[in-house]
Amino acid sequence: MVGAGMGGLAATGAIARHFEQVVVMERDALPAEPAHRPGIPQGRHVHGLLVSGQRALSALFPGFEQDLVRAGAVPLIAGLDIRSERPGYDPFPQRDLGWSSYALSRSALEHALRRRVESLANVELRQPCRVLELLATPDGATVSGVRCENGDGSRETLAADLVIDASGRGALTFALLKSTGRSPPEETTIGVDFGYATCVFAVPDDAPTDWKGVLTFGGRDPQSSRGALLHPLEGNRWMLSLGGRHGEDPAGDIDGFLAFARELRTPTIYNAVRHAKPLGPVVRYGFPESVLRHFERLETFPRGLLPIADAICRFNPIYGQGMSVAAQEACLLERLLERLSEESDPIGGLAPAFFAEVPALLDTPWSVATMDFIHPSTRGQRPADFETRLKFGMALTRLAAQDPAVHRLAAEVQSLLKPRSVYRDDPALMRVISAIMAQV
Ligand SMILES: Cc1cc2nc3c(=O)[nH]c(=O)nc-3n(C[C@H](O)[C@H](O)[C@H](O)COP(=O)(O)OP(=O)(O)OC[C@H]3O[C@@H](n4cnc5c(N)ncnc54)[C@H](O)[C@@H]3O)c2cc1C
């Protein structure tokens, strides 16, 4: 396993039951306590775990939710505890939708997951250990192991039946495809040029009690892209991430940061943090584009290799999907290993089966990411039916505001508990939505 980020740790839970020994190689020296590390630069920004991701991790590591509670995670009642402010709905009706999730920092979440992986008897977590290249048999048909560099500078070769590339970028997989004379997968991209800035605050004594977090969307004018998420963290803290597109980036100093917060469409977040104590500096992050790699379209792929998580698909982080999709992919991997264990060459069948099934898993979260085309400066190929999708989304939002059952269904789709096809499967709902679409 290359990488001990969210994808690598979740996938280790999936494969540990099916292999004698698993070696997880991570280039960072991993901190003993929840702490930031250089290999996860995004970890200083809000990382919301959707309830689907939480359930996927609990399926892989039974009782994981209790680990989150022990890590100090803040319980959030879906639909109630995060105040959602969007044009025309300030706020969107707050109602208990019937499930809970947990809010905590990326470092605390990853630390809790790492603890679980470390407790698996047949798993060795090697760190710091950078994988330098994937190795293939002379005919290039099979990946046979990796060459890596340990923390003391020594280099070695490790043989493996299966190498999973959970390195985030997937550069090792691309290099191997090239060196074995294969083409890289085609990519679909959505250029968003999103600029993030984040600061952590102590929750003040006079903090509002009618919400635990706030999500503020930009204005109706698609030119105004400024948005924000104020998220609770373990240790009675708030993490505030501000963002804008195509140069509308928030500043990296606290005065500029607060000035950006003051100019949000609503005053809720600024009023909450203006007198709160910052607990660290403002940190920034640039996210250029969402990327979907179509591994399923490749004619040949080396046996014994599998890319996973961000190495397959990276989403605009504002939708909070990447970690949950990584966990769902790990559950898919587990199901496939179970199914293929009956067959004569389970490893030979693994990547083709995974690539065949992963597009269905990615369909709903990728369709969420395509909503970025609402902003005219977004780069890439708009889906041909984008205007219809937009109208559908507006009609659904209007209906969800009025009808708790529709609100719940829409939240289930947004949380990746259900695929977007559930709308189509409900003719009565579709009739009402079509009627509203005719008016919007
Ligand atoms: C600003 C920002 C905010 C985000 N917010 C959210 C959010 O709210 N919710 C959400 O679900 N997702 C969010 N994401 C996405 C989320 O961070 C990723 O989807 C998720 O971490 C993907 O997991 P991964 O294992 O593929 O990669 P990562 O978690 O990035 O892990 C990759 C690991 O591989 C290691 N590595 C890399 N190369 C090597 C090598 N050669 N040898 C050994 N180790 C190597 C790295 O050090 C790292 O530990 C956000 C992303 C960004 C950029």
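Our structure's up above, just so we're on the same page.
Keep in mind that this is a model prediction, so the values were computed, not measured.

Calculation notes
- Each chain has its residues counted from 1, following the order in which its sequence is written.
- The predicted origin of the model limits local features to residues at a pLDDT of at least 70 and limits the giving and counting of side-chain atom pairs to 80 or more, whereas totals for whole chains, interfaces and linings rest on all residues.
- Excluded from the side-chain calculation are hydrogens and water; included are all heavy atoms of the structure.
- Under the DSSP-based scheme used, a helix requires at least four consecutive residues in state H or I and a strand at least two consecutive residues in state E, with every element numbered from the N terminus.
- Atoms considered for the radius of gyration are the C-alpha atoms alone. The globule rule reads 2.2 Å times the number of residues to the power 0.38.
- Contact between two residues is taken to exist if any of their heavy atoms lie within 4.5 Å; hydrogens are not considered.
- The Shrake-Rupley method, run with a 1.4 Å probe, gives the accessible areas here. Residue values count only the displayed protein chains as cover.
- Asp and Glu are treated as the negative residues and Lys and Arg as the positive ones, with His and the ends of the chain left uncounted.
- Where a charge lies is defined by one atom per residue type: Lys uses NZ, Arg uses CZ, Asp uses CG and Glu uses CD.
- Cysteine sulfur atoms are paired as a disulfide whenever they come within 2.5 Å of each other.
- Burial status follows relative accessibility: with a 1.4 Å probe on protein chains alone, a residue under 20% of its type maximum counts as buried, one over 50% as exposed, and anything between as partly exposed.
- Throughout this description, a polar contact denotes any pair of N or O atoms lying within 3.5 Å of each other; where both atoms belong to protein, one of them has to be capable of donating a hydrogen while the other can accept it, and for residues adjacent in sequence the pair is counted only when both atoms sit in side chains.
- A pair of strands is considered paired only if DSSP assigns at least 2 bridges between the two.
- The method works on a 1 Å grid over the protein atoms by themselves. A cavity is a set of points holding a 1.4 Å probe that cannot get out, a pocket is an open set with protein on both sides within 12 Å along at least five of seven lines, and residues with an atom within 4 Å of a point line them.
- Grid points are joined across faces, edges and corners, and a volume is the space filled by probe spheres set on the points.
- Put simply, Ala, Val, Leu, Ile, Met, Phe, Trp, Tyr, Cys and Pro go in the nonpolar bin, Asp, Glu, Lys and Arg in the charged bin, and everything else, Gly too, in the polar bin.
- To obtain the arc, one takes the directions from the helix axis to the C-beta atoms.
- Neighbouring residues are identified by heavy atoms, a residue being near a molecule or strand if any of them is within 4 Å of it.
- One speaks of a salt bridge when a side-chain nitrogen belonging to Lys or Arg is within 4 Å of a carboxyl oxygen belonging to Asp or Glu.
- Each Phe, Tyr or Trp ring (for Trp, its six-membered ring) is paired with any other whose centre lies within 6.5 Å, and the angle between the two planes then decides the class: stacked below 30 degrees, edge-to-face above 60, tilted in between.
- Should the NZ of a Lys or the CZ of an Arg lie within 6 Å of a ring centre and within 35 degrees of the ring normal, that charge is described as sitting over the ring.

Some words on the overall build of the protein
Here is step 1: Across its full length, the protein holds 13 helices and 17 strands.
Here is step 2: Radius of gyration (C-alpha) of the protein: 22 Å, near the 22 Å computed for a compact globule of 440 residues.
Here is step 3: For the protein, long-range pairs separated by at least 24 residues make up 72% of all intrachain contacts whose partners lie at least 6 apart in sequence.
Here is step 4: Total accessible area on the protein is roughly 19300 Å²; 51% of this is exposed by carbon and sulfur atoms.
Here is step 5: For the protein, the distance from the average site of its 46 positive side-chain charges to the average site of its 52 negative ones is 4 Å.

Re the environment of Leu399
Here is step 1: Position of Leu399 among the secondary structure elements: in helix 10 (residues 386-402).
Here is step 2: Between the alpha carbons of Leu399 and Ala272 there is a distance of 30 Å; along the sequence they are 127 residues apart.
Here is step 3: Contacts of Leu399, omitting those with residues within four sequence positions, involve Val406, Leu429, Val432, Ile433 and Ile436.

Considerations on the state of the cysteines
Here is step 1: A full pass over the atoms with the stated rule returns zero disulfides.
Here is step 2: Summary of cysteine pairing: Cys331 is not part of a disulfide, and the nearest cysteine sulfur, belonging to Cys313, is at 17 Å.

Observations regarding helix 11 (residues 404-414)
Here is step 1: Buried within helix 11 are the following residues: Val406, His407, Leu409, Ala410, Ala411, Glu412 and Val413.
Here is step 2: Of the surrounding elements, those touching the buried residues of helix 11 are helix 9 (346-369), helix 10, helix 12 (421-424) and helix 13 (427-437).
Here is step 3: Among the residues of helix 11, the N-terminal cap falls to Asp403, whose side-chain oxygen and the backbone nitrogen of Ala405 are separated by 2.8 Å.
Here is step 4: Directly after helix 11, the chain includes Leu416, whose backbone phi takes a positive value near 65°.

So, the pairing of strand 7 (residues 143-150)
Here is step 1: Across seven bridges, the pairing between strand 6 (residues 129-136) and strand 7 is antiparallel. Pairing of Ala136 across the sheet is with Val143, part of strand 7.
Here is step 2: Adjacent in sequence and paired antiparallel, strand 6 and strand 7 are bridged by six residues, among which Gly140 carries a positive phi angle near 75°.
Here is step 3: In the sheet, strand 7 pairs with strand 8 (residues 155-159) via five bridges, with the strands oriented antiparallel. Counted as the bridge partner of Val146 is Leu158 from strand 8.

A short note on empty space enclosed by the protein
Here is step 1: Scanning the entire structure with this criterion turns up two cavities of 30 Å³ or more.
Here is step 2: Taken as a whole, the largest cavity holds about 90 Å³ of empty space.
Here is step 3: Surrounding the largest cavity, Pro31, Glu33, Pro34, Ala35, His36, Arg37, Ile40, Gly43, Arg106, Ser107, Glu110 and Arg114 form its lining.
Here is step 4: Reported here for the second largest cavity is a volume of approximately 40 Å³.
Here is step 5: Forming the boundary of the second largest cavity are Gly43, His45, Val46, His47, Leu104, Ser105, Arg106, His231, Leu233 and Met239.
Here is step 6: The residue makeup of the lining of the second largest cavity, split by class, is four nonpolar, five polar and one charged.

Considerations on helix 6 (residues 254-262)
An α-helical segment advances 3.6 residues per turn. Residues three or four places apart therefore align on the same side.
Here is step 1: Within the span of helix 6, buried status applies to Phe257, Leu258, Phe260 and Ala261. Burial along helix 6 is one-sided: seen end-on, the buried residues are contained in an arc of 155°.
Here is step 2: On its buried face, helix 6 sits against strand 10 (186-202), strand 12 (227-233), strand 13 (237-245) and helix 7 (268-273).

Thoughts on the site of the ligand
Here is step 1: Taken together, 33 residues lie around the ligand, and Gly7, Glu26, Arg106, Asp310 and Met323 are the ones closest in.
Here is step 2: A distance of 2.7 Å separates an oxygen atom of the ligand from a polar atom in the backbone of Gly7.
Here is step 3: The contact in question runs from an oxygen atom of the ligand to an N or O atom on the side chain of Arg27, over 2.9 Å.
Here is step 4: Taking 1000 Å² as the accessible area of the ligand by itself, protein coverage stands at 94%.
Here is step 5: Elements with a minimum of two residues in the shell around the ligand: helix 1 (6-15), strand 6 and helix 8 (322-340).

Comments concerning the pattern of salt bridges
Here is step 1: Using the criterion set out here, one finds 31 salt bridges in the structure.
Here is step 2: A salt bridge links Asp81 to Lys212; the shortest N-O distance between them is 3.6 Å. Here Asp81, found in the loop between strand 2 (74-77) and strand 3 (82-85), pairs with Lys212, found in the loop between strand 10 and strand 11 (213-216); they are 131 residues apart in sequence, far enough to count as distant.
Here is step 3: Its salt-bridge partner being Glu110, residue Arg106 comes within 2.8 Å of it at the nearest N-O pair. You can see Arg106 and its partner Glu110 sitting in helix 4 (residues 106-118), four residues apart, about one turn around the helix.
Here is step 4: Where salt bridges share partners, they join Glu26, Asp28, Arg37, Arg106, Glu110 and Arg114 into one cluster.

A word on the packing of aromatic side chains
Here is step 1: Tallied over the entire structure, the rule returns eleven aromatic pairs.
Here is step 2: Arranged with centres 6.4 Å apart and planes meeting at 35°, the rings of Phe201 and Phe257 form a pair that is tilted. You can see Phe201 sitting in strand 10 and its partner Phe257 sitting in helix 6, a full 56 residues away along the chain.
Here is step 3: For Phe201, a relative accessible area of 1% translates into the label buried.
Here is step 4: Note on Phe373 and Phe386: the rings are 6.2 Å apart at their centroids and 75° apart in plane angle, and the pair reads as edge-to-face. Of this pair, Phe373 sits in the loop between helix 9 and strand 17 (379-380) while Phe386 sits in helix 10, placing them 13 residues apart in sequence. An identical accessibility class is assigned to Phe373 and Phe386; each is buried.
Here is step 5: Members of the aromatic cluster, connected to one another through ring pairs, are Phe295, Phe301, Phe354 and Phe355.
Here is step 6: Taking the ring centre of Phe92 as reference, the NZ or CZ of Arg86 above it sits at 4.7 Å.

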